[in-house]
Amino acid sequence: MTATTIPGLDSAPTTHQGLLTWVRETAELTQPARIEWVDGSPEEWTRITDLLVDNGTFVRLNDAKKPNSFWCASDPTDVARVEDRTFICSRDPKDAGATNNWMDPDDMKAIMVERFRDSMRGRTMYVLPYCMGPLDADEPMLGAEITDSAYVVASMHIMTRLGSKALELFTKDGVEQTFVPGLHSIGAPLEAGAKDAAWPCNDTKYIVHFPEERLIWSYGSGYGGNALLGKKCYSLRIASVKARDEGWLAEHMLIAKVTSPEGVEKYIAAAFPSACGKTNLAMLEPTLPGWKVETIGDDIAWIRIGEDGRFYAVNPENGFFGVAPGTDYHTNPNAMRTIEKGGSIFTNVALTDDGDIWWEGIGEAPDHLTSWKQQDWSPEGSELAAHPNSRYCTPIHQCDTRAPEWDDPKGVPLDAIFFGGRRRDTVPLVTEARDWQHGVFMGATLSSETTAAATGAVGVVRRDPMAMLPFIGYNAGDYFAHWIATGKGADADKLPKIFYVNWFRRDENGAFTWPGFGENIRVIKWALERIAGTAAAVDTPIGRVPTPEAIDTDGLDMSDEHLRASLAVDVEEWRAELPLIEEWFDKIGAALPSTMRDELAALRQRLDG
Ligand code: GDP
Ligand code: PGA
Ligand code: MN
Ligand code: MN
């Protein structure tokens, strides 16, 4: 078929030539049965979700329990981000650096064009115009995704500002605006008369970024982080390159507003690796009386320096794509209330017999479930009912704790930035950086145990700089230099203060030493008091750590021993980190700023001192 005969090509609701040409060329390459322009309307949501139910991809949940919501089980091999299949195809391999997979862009395109050829046969090709961040931004951040996955269409309805209202912005005062094109195919052409799989995908996967062209090509996977191209691909990998070029930061951070009992409002951002507590902290329900936390974003922050010199953070997303296991009314009641309201998609959780969802950590298991593998499940068995990386996808606007500013194009001025990881030892509950450069060093050497959010081994400690290891769209050494330069370019007294946290330290029995979740407000409180100059700290070789008395433990049910264990700085454990940091810096190589080596030398000296 030539593209001109593919139904739907002529009915484009835009005159944007760049978009039209790309759609036509892609249709000629991928040969879909038809083209549909996504408008983002509620009617479209109903039509697409009905279609997914008919195809067996979705099961409609019981309306009395989760209205307008769906259960979905993926192919068991397509459950997480695939870091070993993710590529940064810059012209020069130096621009991808030591932490990214690289291939020459022309070579990669030659391979992928053959993958995409005819890949949409028998399927609908959806064209999704969308906007990351507020629609009324001075410079709306536009994107368009072409996909053959209806699951992606439904998910993007929740996660982005999608459809007609975004498409209107593609042309401004008669001038065609630039947008980030993202081509996605599940790589499963459908032969005439063949029955479709419930979750079609391909064993071969490519998640590819061409940073100079601001272009994304994704093939073979339907999983959120690989397929919803507005999220990790655009808002982190491509945006981080754009941010470097333009002097801002695109980060893997939650954004929250914290109000003290005295009514003092502060804004914080926090970067933790995937499945290390961002969504929970963003929706935290404080256990300390009078404190309030409001949500602005739970995964991504775009941070620009405002005219007043402060760091303003915007959440580019429109929904939450949260880790399900461990979420319940005790740990994250606000996430529970948000998903209860409906309009949500649950992927790879378990299904109850009465049409509700279940996962490990949500409460007592019923006698029978359908597991994420679509098998009968009972509590006696040893298998997990929900995949550890199972996810809920739900809109921000129905989150009761969303801050009124969540959709403000100006963003919110940050007072503090928290870096954190998942470490069973070594890293104390909270450490305050001495200054910006020391804070950048903390971020650059951040370490965390791997989780189920990406394929591969779980529980292995690795360096995950600023929680961005899988998301830096360029050379990690240049990225650290950009962080340092961003701080140098700002007024020192306007910089957010940097802290390093670890909610996941364990005692000799393997139990968490710190209760976490709502109790984390006590750590935030200490950090804000440090900024105000009212809390005590001890200087340690790694930075400033609270004295046990400086943490507000009023009403906290925990042993003094556990509190001390949480805060402890063990010099021997930290000495053991030094060669690992050294090795990490060696890996980054020539692009590593010398200031990072200086910080390491100073740390070594303090530990030896
Ligand atoms: P995200 O992927 O960074 O957004 O992380 P989530 O907030 O979704 O949390 C990932 C997992 O860590 C979930 O199973 C949570 O229940 C768990 N978690 C989050 N915060 C804490 C905490 O403070 N302490 C402990 N022990 N677990 C936590
Ligand atoms: P997370 O988001 O950080 O909430 O886990 C998804 C991911 O990073 O893969
Ligand atoms: Mn994430
Ligand atoms: Mn999250």
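Residues numbered from 1 in each chain as written. Chains lettered and ligands numbered in written order. Predicted model: local features only at pLDDT ≥ 70, side-chain atom pairs only at ≥ 80, totals over all residues. Heavy atoms only, no water.

As recorded in an unreviewed UniProt entry, the chain goes by Phosphoenolpyruvate carboxykinase [GTP] and comes from Jatrophihabitans endophyticus. UniProt lists a comment for the chain under the heading Pathway (unreviewed entry), and it reads "Carbohydrate biosynthesis; gluconeogenesis." Listed under Catalytic activity (unreviewed entry) in UniProt, the entry text for the chain is "oxaloacetate + GTP = phosphoenolpyruvate + GDP + CO2". (UniProt positions renumbered as here; feature names shortened; annotations may be inferred.)

**Q** Please clarify how the sheet that holds strand E24 (residues 376–377) should be interpreted in this entry.
**A** Taking strand neighbours across the sheet as the criterion, the 4 strands line up as E22-E21-E23-E24 in an open arrangement whose pairing is antiparallel. The sheet terminates laterally at strand E22 (357–358) and E24, the two strands that pair on one side only. In this sheet, E22 lies alongside strand E21 (residues 350–352) in antiparallel orientation, the contact comprising 2 bridges. Across the sheet, the residue bridging to Leu351 is Ile357, located in E22. (Pairing = 2+ DSSP bridges. Helix = DSSP H or I, 4+ residues; strand = E, 2+ residues; numbered from the N terminus.)

**Q** When you look at the coordination of the manganese ion (ligand 3) in this model, what are you seeing that I'm missing?
**A** Coordination of the manganese ion (ligand 3) by the protein comes from Lys232 (NZ), His252 (NE2) and Asp299 (OD), over a distance range of 2.0 to 2.2 Å. Around the manganese ion (ligand 3), the 6 donor atoms sit at angles spanning 64 to 167°, and that spread fits a shape best called irregular. Sequence spacing of the donor residues for the manganese ion (ligand 3), all on one chain, is K-x19-H-x46-D. A separation of 5.5 Å is found between the manganese ion (ligand 3) and the manganese ion (ligand 4). (Donors = N, O, S within 2.8 Å, 3.2 Å for Na, K, Ca; no water. Tetrahedral: all angles 85-135°; square planar, octahedral: opposite > 155°, others 65-115°.)

**Q** Looking at this structure, I do not really get the layout of surface pockets. What am I missing?
**A** The gaps left among the atoms become clear once a water-sized probe is rolled over them. Roughly 1,100 Å³ of internal volume is contained in the largest pocket. Residue lining of the largest pocket: 47 residues in total, with Ala275, Cys276, Val323, Arg422 and Phe504 positioned closest to the centre. Those elements that place two or more of their residues in the lining of the largest pocket are helix H7 (230–246), helix H8 (278–282), strand E19 (319–323) and strand E25 (391–395). Taken together, the residues of the lining of the largest pocket break down into 21 nonpolar, 14 polar and 12 charged. Space inside the second largest pocket adds up to approximately 480 Å³. As for the second largest pocket, its lining consists of 21 residues, and the residues nearest its centre are Asp138, Arg304, Val314, Pro409 and Lys410. (1 Å grid on protein atoms, 1.4 Å probe; cavity = no way out; pocket = protein on both sides within 12 Å on 5 of 7 lines; lining within 4 Å. Points joined across faces, edges and corners; volume = space filled by probe spheres on them. Nonpolar A, V, L, I, M, F, W, Y, C, P; charged D, E, K, R; others polar.)

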